[in-house]
Amino acid sequence: MKIIYMGTPEFALKPLQSLYDAGHEILAVVCQPDKVNARGGKIIYSPTKRYALEKGIPVLQYKSIRKEGVEELAKIGADVIVTCAYGQILSQEIIDMCKYGVINIHSSMLSKYRGASPMIASLLNGDELTGISIVKTDIGLDDGDILYSKTLSIEKEDNSITLSEKMSELGSMCILHVLSDIEYFIQNKKSQNHDEATFCSKVSKEMAKLDFSKSAIELVREIKAFALNPTSYFMYNQERFKVYNAEIYGEIEKEAGIVCFCDKTNGLVIACGDKNAIKITQIQSQNGKVLPIKAFVNGRKLEVGTRCE
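Residues numbered from 1 in each chain as written. Predicted model: local features only at pLDDT ≥ 70, side-chain atom pairs only at ≥ 80, totals over all residues. Heavy atoms only, no water.

Student: So what exactly am I meant to see when it comes to a positive patch on the surface here?
Tutor: On the surface, a cluster of positive charge is contributed by R39, K209, R240 and K242. Among the structural elements, K242 can be located in strand β13 (residues 239–251). Looking at K242, the relative accessible area reads 34%, which means it is partly exposed. (Patch = residues over 30% accessible without salt bridge, like charges linked within 9 Å, V, L, I, M, F, W, Y side chains within 5 Å. Areas by Shrake-Rupley, 256 points an atom, 1.4 Å probe, with all protein chains shown as cover. Salt bridge = Lys/Arg side-chain N within 4 Å of Asp/Glu carboxyl O. Lys, Arg positive; Asp, Glu negative; His and termini not counted. Charge placed at Lys NZ, Arg CZ, Asp CG, Glu CD. Helix = DSSP H or I, 4+ residues; strand = E, 2+ residues; numbered from the N terminus. Buried < 20%, exposed > 50% of the residue type's maximum accessible area, 1.4 Å probe, protein only.)

Student: Mind showing me how you'd approach the packing of helix α1 (residues 13–21) against helix α2 (residues 47–55) here?
Tutor: Working note: a packed helix pair is described by the angle between its axes plus the distance between those axes. At a closest axis distance of 9 Å, the pairing of α1 and α2 adopts a crossing angle of 25°. As the angle between them shows, α1 and α2 are arranged roughly parallel. Like other packed secondary-structure pairs, α1 and α2 cross with a definite hand, here right-handed. Contacts from L13, L16, Q17, Y20 and D21 of α1 reach α2 at P47, T48, Y51 and K55. Here the residues of the contact of α1 with α2 sort into five nonpolar, two polar and two charged. (Axes fitted to C-alpha atoms, helices over the stretch in contact; angles between N-to-C directions. Parallel < 35°, antiparallel > 145°, perpendicular 65-115°, else oblique. Left-handed = near helix turned anticlockwise from the far one by under 90°. Contact = heavy atoms within 4.5 Å. Nonpolar A, V, L, I, M, F, W, Y, C, P; charged D, E, K, R; others polar.)

Student: Just checking my understanding: could you explain the side chain of H24 for this structure?
Tutor: Here H24 is to be found in the loop between α1 and β2 (25–31). If sequence neighbours within four positions are ignored, H24 has contacts with M1, I3, L19, L176 and L179.

Student: What exactly am I supposed to notice about the pattern of salt bridges here?
Tutor: If charged atoms from side chains of opposite charge come close, those side chains can pair. All chains considered together, the criterion is met by eight salt bridges. K75 serves as the salt-bridge partner of E71, at 3.6 Å between the closest nitrogen and oxygen. Taken as a pair, E71 and K75 share a single burial class, namely exposed. Across the pair D127 and K112 runs a salt bridge, and its minimum N-O distance is 3.6 Å. In this pair, D127 is assigned in the loop between α6 (118–124) and β9 (129–136) and K112 in the loop between β7 (102–106) and β8 (114–115), connecting sequence segments 15 residues apart.

By themselves, these observations are geometric and do not establish any function.
Next up, the structure:
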């Protein structure tokens, strides 16, 4: 099948690779404009752009696809547009330009969690189940008919990094399944229950700072949800520590933010606002690597009784 693939981040890479490896003809990859590294001024290509260039696939980038992309995309002559975390809203002209329209790989079991951050929302809410929905894109926000969906369990140790990897793999399988008989799936599409729709918005950097006055369960969910981006952090002695995973330690009679333990036996345990504590299991110091907590406490010690902010 002749495909225009629209996707930008790491999550969109595996489905692109799978479509290419399966023999589909990828006529173009459309991704967001390149970013520039704030420190060195180096241009950063997205994962999908890097892959497309390696495979000799044309790459198209628009600041506004609705204004700049319609004419160019229409000339390509694709059978279908496949989208996966592209990052821009498409116009009706783009939705209608291909024989099979636009098919989106969405990382939730719609109609739950429409919008920009469905995986983060599922982790913030402590869900045990998520999944992939393959959707026939309409002009609304993730409200199109469902062609196919498949659930995935969220494991206790999952954070947004591990969950994204699993969901990307599942999305690859699902889109290949749908494209193997696209006319059948379009003929048997199912409408969403719009009355049950929930929405999730973009995540801001301000949400990443840990507030230890919150409950232990809230903080653990935030840490897991924000591991990929924007990554939760706390300040200690004017140094920023990023936190990628944590678990509930249990009841402890200490003020919120106080370091309760920092050793090989207990790990790093910090008190929370509900008289419980969290145990950090994966951490990164300001100029260090991401480490499991046992490796971290071998080289660093946060003094018991001092405060994290």
